[in-house]
Amino acid sequence: MERAPGQVHLRPRGGGREWIARPEHVELARAGEALSSQVARANARSRGEVL
């Protein structure tokens, strides 16, 4: 979401409460993890659970 010196501001992909983490404690999602999240969101949207 946002990056400041010594901290990264994060928020769940589907929205929700933000939190702060140290950059050394954060890693990018692997392609399979990101795709799985996108598929889950598309499935929920098709069921009318997500706008």
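The shown structure was predicted, so the numbers you read here are calculated from the model rather than taken from an experiment.

(A) How the structure looks around the overall build of the chain. Within the chain, the regular secondary structure consists of 1 helix and 3 strands. In the chain, the order of α-helices and β-strands from amino to carboxyl end is β-β-β-α. For the chain, with 51 residues in total, the buried portion stands at 10%. Of the accessible surface of the chain, which amounts to about 4400 Å², a share of 52% is contributed by carbon and sulfur atoms.

(B) Region of interest: the confidence of the model for the chain. Taken over all residues, the pLDDT of the chain has a mean of 81, while the share at 70 or more is 84%. The weakest mean pLDDT in the chain belongs to strand β1 (residues 2-4) at 61; the strongest belongs to strand β3 (residues 19-21) at 91.

(C) Representation of the side chain of H9 in the model. Take H9: it is sitting in strand β2 (residues 7-10). There is a polar contact of 3.0 Å between the side chain of H9 and the side chain of Q7. A polar side-chain atom of H9 sits 3.0 Å from a polar atom in the side chain of E18.

(D) Looking closely at the pattern of salt bridges. According to the stated counting rule, one finds 3 salt bridges in the structure shown. A salt bridge links R11 to E18; the nearest nitrogen and oxygen atoms lie 3.9 Å apart. Here R22 ties to E24 by a salt bridge, and the two come within 2.7 Å at their closest N and O atoms. The exposure class of R22 is partly exposed, given its relative accessible area of 47%.

(E) Representation of the environment of H25 within the structure. Among the secondary structure elements, H25 is positioned in the loop between β3 and α1 (31-46). The exposure class of H25 is exposed, given its relative accessible area of 62%. Put simply, H25 and Q7 are 18 residues apart on the chain and 9.7 Å apart in space, counted from C-alpha to C-alpha.

Reading guide: rules and limits
Residues numbered from 1 in each chain as written. Predicted model: local features only at pLDDT ≥ 70, side-chain atom pairs only at ≥ 80, totals over all residues. Heavy atoms only, no water. Helix = DSSP H or I, 4+ residues; strand = E, 2+ residues; numbered from the N terminus. Buried < 20%, exposed > 50% of the residue type's maximum accessible area, 1.4 Å probe, protein only. Areas by Shrake-Rupley, 256 points an atom, 1.4 Å probe, with all protein chains shown as cover. pLDDT = per-residue confidence, 0-100. Polar contact = N/O pair within 3.5 Å; in protein donor to acceptor, adjacent residues only side chain to side chain. Salt bridge = Lys/Arg side-chain N within 4 Å of Asp/Glu carboxyl O.

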